[in-house]
Amino acid sequence: MKQNGKRYDDDFKRMLVDLYNTTNHTYKSLESEYSVTATTIQRWVKDLTPIDPSDENSISPRERKQAPLWSA
């Protein structure tokens, strides 16, 4: 897979995820407006959208992966 070497900060990623989740934007419309591939935006939405959006304390799949394991 060819990478273009671009890096996006977390604020930018969260902004696009929020736009996708709270507006009628599609992956393709965000791709054309922000010059980020639809596949990349789709991955960010999957990784950064809270597991239960109705619960303000819900964490995203990415946060869940990064959370330390609880020891018993």
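Residues numbered from 1 in each chain as written. Predicted model: local features only at pLDDT ≥ 70, side-chain atom pairs only at ≥ 80, totals over all residues. Heavy atoms only, no water.

**Overview of the overall build of the chain**
Across its full length, the chain carries 4 helices and 0 strands. Listed by position from the N terminus, the elements making up the chain come as α-α-α-α. Per-residue burial over the chain gives 19% buried out of 72 residues. Within the chain, contacts between residues separated by at least 24 positions form 35% of all contacts whose residues are at least 6 apart in sequence. Accessible surface, the chain as shown: approximately 6,100 Å² in total, 50% of it carbon and sulfur. (Helix = DSSP H or I, 4+ residues; strand = E, 2+ residues; numbered from the N terminus. Buried < 20%, exposed > 50% of the residue type's maximum accessible area, 1.4 Å probe, protein only. Contact = heavy atoms within 4.5 Å. Areas by Shrake-Rupley, 256 points an atom, 1.4 Å probe, with all protein chains shown as cover.)

**Brief notes about unusual backbone geometry**
In the Ramachandran plot, Ser35 falls in the positive-phi region, its phi being about 55° despite a non-glycine side chain. Mapped onto the elements, Ser35 comes out in the loop between helix 2 (27-34) and helix 3 (38-48). According to the relative accessible area criterion, Ser35 is exposed, its value standing at 55%.

**Thoughts on the nonpolar core**
If you look at soluble globular proteins, the nonpolar side chains tend to sit buried side by side. Judged by nonpolar contacts, Leu16, Val17, Leu30, Val36, Ile41, Trp44, Val45 and Leu48 together constitute the single largest core of 8 residues. The set of elements that each furnish at least two residues to this core consists of helix 1 (10-22) and helix 3. Residue contributions to this core peak at 4 residues, all from helix 3. Excluding anything up to four places from it in sequence, Ile41 contacts Leu16, Tyr27, Leu30, Glu31 and Val36. (Core = buried A, V, L, I, M, F, W, Y, C linked by side-chain atoms within 4.5 Å.)

**A look at the confidence of the model for the chain**
Per-residue confidence for the chain gives a mean pLDDT of 81; residues scoring 70 or more make up 64%. Between the elements of the chain, mean pLDDT differs from a low of 67, seen in helix 4 (residues 61-66), to a high of 96, seen in helix 2. (pLDDT = per-residue confidence, 0-100.)

**Brief notes about the side chain of Thr49**
Here Thr49 is to be found in the loop between helix 3 and helix 4. When its relative accessible area of 16% is taken as the criterion, Thr49 is described as buried.

**Remarks on the packing of aromatic side chains**
Overall, the coordinates contain 5 aromatic pairs when judged by the stated rule. Where Tyr8 meets Phe12, the ring centres are 5.3 Å apart and the plane angle is 20°; that geometry is what we call stacked. Owing to a relative accessible area of 25%, Tyr8 belongs among the partly exposed residues under this scheme. Pairing Tyr8 with Trp44 gives two aromatic rings, centres 5.4 Å apart and planes at 75°, and the pair type is edge-to-face. (Phe/Tyr/Trp six-rings, centres within 6.5 Å; stacked < 30°, edge-to-face > 60°.)

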